[in-house]
Amino acid sequence: MATKQSDITVIQITDMHLGRTPGPIRSGYPDSDAQLAAVLEDLTRQHDAPDLVLVTGDLAEDPETPVYERLLGHLSAIPAPIVALAGNHDDHAIARRSFIDAGHGFDGERVLGNWLIIGLDSSWSGHAGGLASATELQRIEDAISRHPEHWVLVAVHHPVVSVGSLWLDRIGLSNGGELLALLEQHRQVRACVFGHIHQAFDRMHGSIRLLGCPSTLVQFQPGSLLFALDPAEAGYRILRLYPDGGLDTTVRRVPGTRPAALAE
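Definitions and cut-offs
Residues numbered from 1 in each chain as written. Predicted model: local features only at pLDDT ≥ 70, side-chain atom pairs only at ≥ 80, totals over all residues. Heavy atoms only, no water. Salt bridge = Lys/Arg side-chain N within 4 Å of Asp/Glu carboxyl O. Helix = DSSP H or I, 4+ residues; strand = E, 2+ residues; numbered from the N terminus. Buried < 20%, exposed > 50% of the residue type's maximum accessible area, 1.4 Å probe, protein only. Phe/Tyr/Trp six-rings, centres within 6.5 Å; stacked < 30°, edge-to-face > 60°. Lys NZ or Arg CZ within 6 Å of the ring centre and 35° of its normal. Pairing = 2+ DSSP bridges. Axes fitted to C-alpha atoms, helices over the stretch in contact; angles between N-to-C directions. Contact = heavy atoms within 4.5 Å. Core = buried A, V, L, I, M, F, W, Y, C linked by side-chain atoms within 4.5 Å. Arc of directions from axis to C-beta. Polar contact = N/O pair within 3.5 Å; in protein donor to acceptor, adjacent residues only side chain to side chain.

*Asks:* Describe the pattern of salt bridges, and please don't skip the residues or the numbers.
*Replies:* Inspection of the entire model under this criterion finds 11 salt bridges. Between R20 and D62 there is a salt bridge; the shortest N-O distance is 3.2 Å. Placement of the pair is R20 in the loop between β1 (8-13) and α1 (32-46) and D62 in the loop between β2 (52-56) and α2 (65-75), with a sequence separation of 42 residues. When its relative accessible area of 18% is taken as the criterion, D62 is described as buried. With a closest N to O distance of 2.9 Å, R20 and E64 form a salt bridge. Here E64 lies in the loop between β2 and α2 and R20 lies in the loop between β1 and α1, a separation of 44 residues in the sequence. Take R20: its relative accessible area is 54%, and that puts it in the exposed class.

*Asks:* An account of the packing of aromatic side chains is needed here, citing residue identities and associated values.
*Replies:* What the rule picks out here adds up to 5 aromatic pairs. Between W167 and F220, the aromatic rings sit 5.0 Å apart at their centres with planes inclined by 65°, giving edge-to-face as the arrangement. Highlighted residues: W167 in helix α5 (residues 166-169) and F220 in strand β11 (residues 219-220), separated in sequence by 53 residues. Of the two residues, W167 and F220, neither departs from the other in class, the shared state being buried. Seen from their ring centres, F194 and F201 are 5.8 Å apart, and the 45° between their planes marks the pair as tilted. Assessed through its relative accessible area of 0%, F194 is described here as buried. Put simply, the rings of W167, F220 and F227 touch in pairs and so form one group of aromatic residues. When the ring centre of Y29 is taken as reference, the NZ or CZ atom of R26 above it lies at 4.9 Å.

*Asks:* Please give an account of the sheet that holds strand β6 (residues 115-120) that cites residues and values.
*Replies:* Pairing in this open sheet of 6 strands is mixed, and the strands run β5-β6-β7-β8-β10-β9 from one edge to the other. In the strand order of this sheet, the two ends are held by β5 (109-112) and β9 (201-205), each with one partner. Neighbour-to-neighbour, the strand axes of the sheet open up by a mean angle of 20°, direction not taken into account. The pairing of β5 with β6 spans 4 bridges and is antiparallel. The partner of L112 across the bridge, within β6, is W115. Packed onto the sheet, helix α4 (residues 134-146) meets β5, β6, β7 (151-156) and β8 (189-194) and runs at close to 175° relative to β6.

*Asks:* Got a sec to walk through the nonpolar core? Specific residues and values, please.
*Replies:* Residues I144, V160, L183 and L210 are the most contacted members of the largest nonpolar core, which totals 33 residues. Residue assignment for this core shows that the elements contributing at least two residues are β6, α4, β7, α5, α6 (176-184), β8 and β10 (208-212). When sequence neighbours within four positions are dropped, the list of residues in contact with I144 reads L116, I118, V152, L182, L183, H186, Q188 and V189.

*Asks:* I'd like a rundown of unusual backbone geometry, residues and numbers included.
*Replies:* At D15, a position not held by glycine, the phi torsion is positive, near 55°. Position of D15 relative to the elements: it lies in the loop between β1 and α1. By relative accessible area, which is 0% here, D15 ends up buried.

*Asks:* Any details on the sheet that holds β1? Residues and values, ideally.
*Replies:* Read from one edge to the other, the open sheet built from 6 strands follows the order β4-β3-β2-β1-β13-β14, with strand pairing classed as mixed. Only two strands of the sheet have a single neighbouring strand rather than two, namely β4 (105-106) and β14 (247-253). The pairing of β1 with strand β13 (residues 235-241) spans 5 bridges and is antiparallel. The partner of V10 across the bridge, within β13, is L239.

*Asks:* Explain helix α3 (residues 92-101) to me, and be specific about the residues and the numbers.
*Replies:* I94, A95, S98 and F99 are the residues of α3 that are buried. Axial view of α3: buried residues confined to an arc of 120°, hence all on one face. Each element contacted by the buried residues of α3 is listed here: α2, β3 (82-85) and β4. The N-cap of α3, judged by a side-chain oxygen 3.1 Å from the amide nitrogen of A93 a few residues on, is D91.

*Asks:* Give me the lowdown on the environment of P214, citing residues and values where you can.
*Replies:* Examined against the element boundaries, P214 turns out to sit in the loop between β10 and β11. With 47 residues separating them in the primary sequence, P214 and W167 have C-alpha atoms 17 Å apart. With residues near it in sequence (within four places) discarded, P214 still touches T14, H198, Q199, A200, Q219, G235, V251 and R253.

Following this line, the structure appears as structure tokens:
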């Protein structure tokens, strides 16, 4: 592996769930746009110039072109390249076209120093859970094989393993084991980050670190059997990627984003 490279900072935000108009998307929820704006303001204040921002799905609650355009307006505040993914609430074709037309990445891959960042599409039309199609799995395999001298971070919307919450585990990545088996064949794969679960998650799978991220909107209660909200603040994940393949990561919770309806 190459070693004469700089450290890389990647920030992950996820699960914005923007509605047709600014405001709460359902009773008891805060304003999706206001929550996102607060997270982005904190992000830009805390991190001057990240190397990449990953936006890992459920971009919209109502997946229409004007909603994605409004989201892109929010994201224009970030002084960094952006790569986005679709989630189960998104229309993949509309979201991809909107982001590509705005000059951003969608799915695909990006080389940063001696790291390869790969976005995997797990959206599965008509399903809350996800699926990594045979075509996507082959694309991931091909991308890793083309970059044998790069460490690899994979981003996907759906969690690739059970997270210990019965209702969420029913709607994760349906073939997560297949994806992990593929990634395990390549020693340079260091981490897989995902959204969907609206909570922090950190577990090792062999040598691969599996990382879930809080939502910019509301959080789901960890370990719950049924759907339940957690009064935790909105947040995002910061990843520091090192030339030797190591990584450090923290979750930043944004002050003032705890939903009033859930306050004790």
